[in-house]
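So you can see what is in the structure, the chains are spelled out below.
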Amino acid sequence: MKTLNIIGAGRLGKTLGRLWQQAGFFQVQAIFNRSLDSAQAAAEFIGAGRAVAALELMKPADFWLIACSDSEIAATAERLANHLGERENIAAFHCSGALSSQVLEVLRPAAIASAHPVHSFADPLRSLDNFTGCSVALEGESSATKALAEAFTTIGCEILNIEAQHKSLYHAGSVIACNYLTVLIDLSLSSFAAAGIDRDSALKLLEPIVLQTAQNNMALGPENSLTGPIARGDLETVANQLKDLTSTAPELAHHYRQLGLACVELARRGQLSDESAAKLIELLSEPMR
Ligand SMILES: NC(=O)c1ccc[n+]([C@@H]2O[C@H](COP(=O)([O-])OP(=O)(O)OC[C@H]3O[C@@H](n4cnc5c(N)ncnc54)[C@H](OP(=O)(O)O)[C@@H]3O)[C@@H](O)[C@H]2O)c1
């Protein structure tokens, strides 16, 4: 079995470490975190690996996972390069969605790669149960990406190969769908609150329709999932909502306008006529100051 050292066994690092250890794909060998206590807790969670107090105490391994926060990856790679020297036949990778493998350049001649699992590791115990089926975007040197494709496939992932120069746009795609969805739900709760509906009732009301909307989008695509006043070209409803939001929650009116304009463009790809679209765009555009 190939050996794996983990620098930064936090939420992602310890989850992957345990999944690979359990699957018998990698033998987790050494773990280095900022604090020794945290590294020891990670070793317990993984069920393998020796916690070390300094990166320089890590014995050479076949694979090195740098899973500290994105802002620490470059400096950690530099420190690791000083520790390893010009070592060949090893691979080093990180799991950031935003950075490419180029941030590990200093580690050459090691084979470098980035592997971004499209999964939220909010709670490692929950991730152990629901990680299977997630996609992993791989990029970097082929000897490393080939081996990592096998490693991630073994723990139930789908592989997506991307180019280093597309990494940032690729990551923006996940940010828009996942992080902005959370923002949308928060904005929606503010509108419900302005209507006197408490948070718990609003969340209960939203859960089935938000989940159904997400499922419709996955099955039918956005063009065929869009419903509501803009898709119908219902100008009166849009005008009334905009008037009420402007007088009760002006900050929401701004977002309603901006997203409404994007909604018009999507609706145009469906049934919305050019005439209705033009009227909606005029209505939704920010008023001149
Ligand atoms: N969380 C997610 O949902 C998710 C999803 C996809 C990709 N990722 C990527 O996975 C990576 C890790 O994210 P995470 O959420 O797992 O972070 P995290 O939970 O905050 O864990 C980071 C770990 O790195 C350690 N660390 C920080 N700076 C270090 C340094 N200079 N040297 C050694 N260890 C250091 C921390 O040690 P201490 O415990 O001692 O503080 C901690 O154990 C990031 O690149 C992130 O972009 C995360």
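Counting from 1, residues in each chain are numbered in the order their sequence is written. Totals for whole chains, interfaces and linings use every residue, but because this is a predicted model, local features are given only for residues with pLDDT of at least 70 and side-chain atom pairs only at 80 or more, for both listing and counting. Each side-chain value is worked out from all heavy atoms of the structure, with water and hydrogens disregarded.

Draft legend 1. View of unusual backbone geometry. Cis geometry marks the peptide bond from Arg108 to Pro109, where omega comes out at 15°. Each helix corresponds to a stretch of at least 4 residues labelled H or I by DSSP, and each strand to a stretch of at least 2 residues labelled E; elements are numbered beginning at the N terminus. Tracing the sequence through the fold places Pro109 in the loop between β5 (91-94) and β6 (111-117).

Draft legend 2. Just the nonpolar core, in detail. Counting 40 residues, the largest nonpolar core has Leu4, Trp20, Phe93 and Phe152 as the members making the most contacts within it. Working rule for contacts: check all heavy atoms of both residues, and any pair within 4.5 Å makes them a contact. Beyond its immediate sequence surroundings of up to four residues, Trp20 is in contact with Leu4, Phe25, Phe26, Phe93, Ala151, Phe152 and Ile155. What we call a nonpolar core is a set of buried Ala, Val, Leu, Ile, Met, Phe, Trp, Tyr and Cys residues that are connected through their side-chain atoms within 4.5 Å. The buried label goes to any residue with under 20% of its type's maximum accessible area, the exposed label to any with over 50%, and the partly exposed label to all in between, with areas taken from a 1.4 Å probe on protein chains only. Leu55, Met58, Ile66 and Leu80 belong to the second largest nonpolar core, which has 20 residues in total.

Draft legend 3. Local environment of the UniProt feature "domain: Putative oxidoreductase/dehydrogenase Rossmann-like" (unreviewed entry) in the protein chain. UniProt positions are given in the numbering used here, feature names are shortened, and annotations may be inferred rather than shown by experiment. Under the UniProt annotation, "domain: Putative oxidoreductase/dehydrogenase Rossmann-like" (unreviewed entry) lies at residues 5-107. Secondary structure within residues 5-107 divides into 38% helix and 19% strand; the distance between the first and last C-alpha atoms comes to 15 Å.

Draft legend 4. Summary view of the sheet that holds strand β2 (residues 26-32). The criterion for strand pairing is that DSSP finds at least two bridges linking the strands in question. The strand order across the open sheet formed by eight strands is β3-β2-β1-β4-β5-β6-β7-β8, and the pairing between neighbours is mixed. Of all strands in the sheet, those bounded by a partner on one side alone are β3 (50-51) and β8 (158-161). In this sheet, β6 lies alongside β5 in parallel orientation, the contact comprising four bridges. Paired with His94 across the bridge in β6 is Ser114. Here an angle of 0 to 180 degrees is reported between the N-to-C directions of two axes, which are lines fitted to C-alpha atoms, with helices fitted over the stretch in contact. Taken strand by strand, helix α3 (residues 70-84) contacts β1 (2-7), β2, β4 (63-66) and β5, and its axis lies near 150° from that of β4. Its contacts with the sheet put helix α6 (residues 167-194) on β5, β6, β7 (135-140) and β8, and the angle it makes with β6 is roughly 15°.

Draft legend 5. Just the site of the ligand, in detail. Residues are counted as near a molecule or strand when any one of their heavy atoms sits within 4 Å of it. Taken together, 24 residues lie near the ligand, and Leu12, Arg34, Ser38, Asp70 and Phe121 sit nearest. Between the ligand and Arg11 there is a distance of 3.0 Å, counted from an oxygen atom to a side-chain nitrogen or oxygen. Within the side chain of Ser38, a nitrogen or oxygen atom sits 2.6 Å from an oxygen atom of the ligand. Isolated, the ligand exposes 900 Å² of accessible area, and the fraction of that covered by the protein chains is 80%. The definition of a polar contact used here is a pair of N or O atoms within 3.5 Å, where within protein one atom must be able to donate a hydrogen and the other to accept one, and adjacent residues in sequence count solely through side-chain atom pairs. Here the accessible surface of atoms and residues is derived via Shrake-Rupley with a 1.4 Å probe, and residues count as covered only by protein chains that are part of the display.

Draft legend 6. View of the pattern of salt bridges. Salt bridges are counted wherever a side-chain nitrogen of Lys or Arg sits within 4 Å of a carboxyl oxygen of Asp or Glu. According to the stated counting rule, one finds eight salt bridges in the structure shown. In this structure, Arg108 engages Glu105 in a salt bridge whose closest nitrogen and oxygen atoms are separated by 2.6 Å. A salt bridge links Glu223 to Arg269; the shortest N-O distance between them is 2.6 Å. Of this pair, Glu223 sits in the loop between α7 (199-220) and α8 (229-232) while Arg269 sits in the loop between α10 (250-268) and α11 (274-284), placing them 46 residues apart in sequence. On the basis of relative accessibility, which here comes to 57%, the residue Arg269 falls in the exposed class. Taken together, the salt bridges that share partners define one network made up of Glu105, Arg108 and Glu141.

Draft legend 7. The arrangement of the UniProt feature "domain: DUF2520" (unreviewed entry) in the protein chain in detail. The positions that UniProt labels "domain: DUF2520" (unreviewed entry) are, in the present scheme, residues 134-261. Annotated as 73% helix and 8% strand, the span residues 134-261 places its first and last C-alpha atoms 32 Å apart.

Draft legend 8. View of the environment of Ala144. Of note, Ala144 is situated in helix α5 (residues 142-154). Judged by relative accessible area, Ala144 falls into the buried class, the value being 1%. The spacing of Ala144 and Phe93 is 51 residues in sequence and 8.2 Å in space, taken between C-alpha atoms. Setting aside residues no more than four positions away along its own chain, Ala144 makes contact with Ala91, Ala111, Ile112 and Ala113.

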